[in-house]
Amino acid sequence: MKSSTMTNVHVVDHPLSQQILTRLRDYQTPTSEFRRRAAQLSHFLAYEAMRDLNMRESGVETPLGPAKGVVLSDYVVIAPILRAGLILAEAAQDIMPSTARVYHIGLKRDEETLQAITYYTKLPDKLPSESHVYVLDPMLATGGSAAAAIAMFARLEVKTIHLVSFLAAPEGIKAVLEKFPDLKITTAAIDDHLNENGYIVPGLGDAGDRIFGT
Ligand code: PRP
Ligand code: URA
């Protein structure tokens, strides 16, 4: 992968995140553990992806007196791609103050054509121009789903768009960065390739099915 491409991609290689990812990859990991581990990894990735958010000073009283503190000052939008992105959205909401807005994007990849089909959106006509948007989906495979979701926000002329995934295929990274060169990507790993069915190899299988036990 080109080094210019890699400036847009942040691989979270923390040993604990890699250990969790290993449990997610294991085909023997049961649904209950998969969900728990996926939530843990989602917290890691959300923290890392939101590293660049701005803050302003805000005082606070500790039990011993006044102290300097901060509050986030950016307008944050969380955009999970259904279904699998929900696990990342819960984590992102968990760590964000209640001011983050959540807009769900319903996309389904056609198993034959691998094209993303939109089945649900409820986006506003406008977002503040200083919005920071986090598009959340555990799997960046061909990039079709991510590109469709990103395009919805690019149209609204927001300030930054960031894609957060557990795993990314080189093909998917290339595809989304060709369309959106300013996009930032945070992921736990870049895998080897896509197979003939558009699955990430070695990957972890079907993320939605493994999270929801379907
Ligand atoms: C999976 C995954 C991504 C998409 C990735 O979702 O969660 O959204 O496929 O593939 P792509 O990069 O080739 O578009 P899927 O469409 O299977 O829906 P689901 O989350 O409801 O299972
Ligand atoms: N969607 C998944 O859930 N897994 C893949 O490997 C590719 C697309």
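Everything below is about the structure printed above this text.
Residues numbered from 1 in each chain as written. Chains lettered and ligands numbered in written order. Predicted model: local features only at pLDDT ≥ 70, side-chain atom pairs only at ≥ 80, totals over all residues. Heavy atoms only, no water.

Draft legend 1. Main features of unusual backbone geometry. Of the consecutive residues L82 and R83, the connecting peptide bond is found in the cis state with omega at -5°. In this structure, R83 sits in the loop between β6 (75-82) and α4 (86-95). Here V201 and P202 are connected by a cis peptide whose omega angle stands at 5°. Residue placement: P202 occurs in the loop between β15 (200-201) and α7 (207-212). Even without being a glycine, L114 presents a positive backbone phi close to 65°. Checked against the element boundaries, L114 lands in the loop between β8 (105-109) and β9 (116-121). Phi angles above zero are rare outside glycine, and E157 is one such case at about 55°. By secondary structure assignment, the location of E157 is in the loop between α5 (144-154) and β12 (160-168). (Helix = DSSP H or I, 4+ residues; strand = E, 2+ residues; numbered from the N terminus.)

Draft legend 2. A look at the pattern of salt bridges. Tallied over the entire structure, the rule returns eight salt bridges. Between E48 and R51 there is a salt bridge, with the nearest N and O atoms lying 3.1 Å from each other. Between D209 and R83 there is a salt bridge, and its shortest N-O distance comes to 3.1 Å. Here D209, found in helix α7, pairs with R83, found in the loop between β6 and α4; they are 126 residues apart in sequence, far enough to count as distant. Overall, D209 belongs to the partly exposed group, its relative accessible area being 28%. Here the salt bridges do not stand alone but share partners, grouping R23, D26, E33 and R37 into one network. (Salt bridge = Lys/Arg side-chain N within 4 Å of Asp/Glu carboxyl O. Buried < 20%, exposed > 50% of the residue type's maximum accessible area, 1.4 Å probe, protein only.)

Draft legend 3. Representation of the packing of helix α2 (residues 15-25) against helix α3 (residues 31-49) within the structure. The geometry of α2 relative to α3 is characterised by a closest axis approach of 9 Å and an angle of 150° between their N-to-C directions. Here α2 is positioned roughly antiparallel relative to α3, judged by the angle of their axes. α3 is crossed by α2, and the crossing has left-handed handedness. Of the residues in α3, those in contact with L16, S17, I20, L21, R23 and L24 of α2 are E33, F34, R37, A38, Q40, L41 and F44. A class-by-class count of the residues in the contact of α2 with α3 yields eight nonpolar, two polar and three charged. (Axes fitted to C-alpha atoms, helices over the stretch in contact; angles between N-to-C directions. Parallel < 35°, antiparallel > 145°, perpendicular 65-115°, else oblique. Left-handed = near helix turned anticlockwise from the far one by under 90°. Contact = heavy atoms within 4.5 Å. Nonpolar A, V, L, I, M, F, W, Y, C, P; charged D, E, K, R; others polar.)

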